[in-house]
Amino acid sequence: MSSSNLSGYDEEDMLQLSGIQHYMFCPRQWALIHIEQVWEENYLTTEGSLLHQNVDNPFIRETGHTDVLTLRGLRISSSQLGISGIADAVEIHPYDDAPKRKADILKSKRYEALPVEYKRGKPKINDCDRMQVAAQCVLLEEMLGIPIHRGAIFYWETRHREYVNVDQEMKGKVVKICAEMHEILQSRRMPIAVKRRECRSCSLYDQCLPSLQVKSVKKYLKDSIDNLELI
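All of these numbers come straight from a predicted model, not from anything done at the bench. (Residues numbered from 1 in each chain as written. Predicted model: local features only at pLDDT ≥ 70, side-chain atom pairs only at ≥ 80, totals over all residues. Heavy atoms only, no water.)

A.B. asks: I would appreciate a short explanation of the packing of aromatic side chains in the present structure.
C.D. replies: Aromatic ring pairs are reported here in terms of the distance separating the ring centres and the angle at which the planes meet. This model, assessed by the stated rule, comprises four aromatic pairs. Measuring from ring centre to ring centre gives 5.4 Å for Tyr118 and Phe154, while their planes differ by 50°; the resulting arrangement is tilted. Of the two residues, Tyr118 sits in strand E5 (residues 111–119) while Phe154 sits in strand E6 (residues 150–155), which places them 36 residues apart along the sequence. Judged by centre distance (5.5 Å) and plane angle (90°), the ring pair of Phe154 and Trp156 falls under edge-to-face. Following the ring pairs from residue to residue traces out a cluster consisting of Tyr118, Phe154 and Trp156. (Phe/Tyr/Trp six-rings, centres within 6.5 Å; stacked < 30°, edge-to-face > 60°. Helix = DSSP H or I, 4+ residues; strand = E, 2+ residues; numbered from the N terminus.)

Below, the structure written as structure tokens:
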């Protein structure tokens, strides 16, 4: 097992790319899903799965009536960050001086790559979705050897794309988040429950028990023992 991203992570140490969004929403949710292997469907997760059935089909290669080549269901990874997953779609936008044959475009590296993430609902105030597409930019940079400074999120409810400018600060945050996730995984320390308004929309609400704060567990156990002694 590789313990440092300086030398790269082994295949068995890879974390899931989808975990970036979970971790940004709630580190405890991420740990329950990706460490404890706890998962429950609700109408939000079910709807999201149905919407993705055709979006990330790896056998679909779209060109339409433009020079843009769309790759769907593309497996991307970073040995340095120890993270891998499936990109819903990656658009290849050739430069004017790129080869005309599509088979030669990728070899020439005369193109821009735009990762496009598909999400149910509408744009969010928080950066959960934006950081996930930023992570895709970082992974694609390592794989393709070209700079990538922009990604996009398509929201089904609004049928609208939100473009995300991914600067060095965002890329640095991706690196930091990946390091934090690996540290939690190695330590096996479950992040504490923090009750928030968003908790009710989480499919793991009943498993997480955010109303039971970790800091009160000791008191909870003491009170339970005291009550048993009174019986």
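Having seen the structure, we can now continue with the description.
A.B. asks: Could you clarify how one ought to interpret the nonpolar core in this entry?
C.D. replies: One broad trend across soluble globular proteins is that nonpolar side chains are buried collectively. The biggest cluster of nonpolar side chains holds 38 residues, and the ones touching the most others in it are Ile20, Trp30, Ile83, Ile92, Val174 and Met181. Counting residues per element, this core draws most heavily on helix H5 (residues 128–144), at eight residues. If sequence neighbours within four positions are ignored, Met181 has contacts with Leu15, Gly19, Ile20, Tyr23, Trp30 and Ile83. In terms of nonpolar packing, the next biggest core, distinct from the first, is built from nine residues, Cys128, Cys202, Leu204 and Cys208 among them. (Core = buried A, V, L, I, M, F, W, Y, C linked by side-chain atoms within 4.5 Å. Buried < 20%, exposed > 50% of the residue type's maximum accessible area, 1.4 Å probe, protein only. Contact = heavy atoms within 4.5 Å.)

A.B. asks: In this structure, what is going on with the environment of Ser203? I would like to understand it.
C.D. replies: Relative to the assigned elements, Ser203 resides in the loop between helix H6 (168–187) and helix H7 (205–208). Ser203 sits 174 residues away from Gln29 along the chain, and the two C-alpha atoms are 9.3 Å apart.

A.B. asks: For this particular structure, what's the right way to read unusual backbone geometry?
C.D. replies: For residues that are not glycine, phi is negative in most cases, and the peptide bond is trans in most cases. Non-glycine residue Lys109 carries a positive phi angle of around 60°. Take Lys109: it is sitting in the loop between helix H4 (102–108) and E5. Backbone geometry at Arg188 places phi at a positive 60°, although glycine is not the residue there. By the secondary structure assignment, Arg188 is in the loop between H6 and H7. For Arg188, a relative accessible area of 58% puts it in the exposed group.

A.B. asks: I keep staring at the pairing of strand E3 (residues 69–78) and nothing clicks. Help me out?
C.D. replies: Looking along a regular strand, one sees side chains alternate from face to face of the sheet. The element E3 is largely enclosed, with a buried count of seven among its ten residues. Examined bridge by bridge, E3 and strand E4 (residues 83–94) share nine bridges and lie antiparallel to one another. Among the inter-strand pairings, Ser78 is bridged to a residue of E4, identified as Ile83. Here E3 hands over to E4 after four residues, with Gly82 in that stretch at a positive phi of 70°. (Pairing = 2+ DSSP bridges.)

A.B. asks: Is there a simple way to think about H6 in this case?
C.D. replies: The end-to-end C-alpha distance of H6 is 29 Å, a good match for the 28 Å that 20 residues give at a rise of 1.5 Å each. Within the span of H6, buried status applies to Met170, Lys171, Val174, Ile177, Cys178, Met181, His182 and Ile184. Down the axis of H6, the smallest arc covering the buried residues is 160°, so these residues share one side. Turned more than 90 degrees off the buried face of H6, the exposed positions are Gln168, Glu169 and Lys176. Elements in contact with the buried residues of H6: strand E1 (15–16), helix H1 (19–25), helix H2 (27–34), E4, H5 and strand E7 (160–165). Its side-chain oxygen 3.3 Å from the backbone nitrogen of Glu169, Asp167 forms the N-cap of H6. Looking one or two residues beyond H6, the residue adopting positive phi is Arg188, at roughly 60°. (Expected span 1.5 Å × (residues − 1). Arc of directions from axis to C-beta. Polar contact = N/O pair within 3.5 Å; in protein donor to acceptor, adjacent residues only side chain to side chain.)

A.B. asks: Help me out: how do you make sense of the environment of Arg120 in this one?
C.D. replies: Here Arg120 lies in the loop between E5 and H5. Judged by its relative accessible area of 26%, Arg120 falls in the partly exposed class.

A.B. asks: Please clarify how the pairing of E7 should be interpreted in this entry.
C.D. replies: Where E6 lies against E7, six bridges are found, and the strand directions are antiparallel. Each residue of the ladder has a partner; that of Ile153, found in E7, is Glu162. Linking two consecutive strands that pair antiparallel, namely E6 and E7, is a turn of four residues; a positive phi of about 55° is found at Arg159 within it.

A.B. asks: Teacher, can you tell me more about the pattern of salt bridges here?
C.D. replies: Between side chains of opposite charge, a pair can form as their charged atoms come close. As enumerated under the stated definition, the model contains nine salt bridges in all. Salt-bridge contacts for Arg110 lead to Asp97; the nearest nitrogen and oxygen are separated by 3.0 Å. In this pair, Arg110 is assigned in the loop between H4 and E5 and Asp97 in the loop between E4 and H4, connecting sequence segments 13 residues apart. A relative accessible area of 53% places Asp97 in the exposed class. When the shortest N-O distance is used, the salt bridge between Arg101 and Asp104 registers 2.6 Å. Accessibility expressed as a relative area gives 53% for Arg101, which makes it exposed. Taken together, the salt bridges that share partners define one network made up of Asp127, Arg130 and Glu162. (Salt bridge = Lys/Arg side-chain N within 4 Å of Asp/Glu carboxyl O.)

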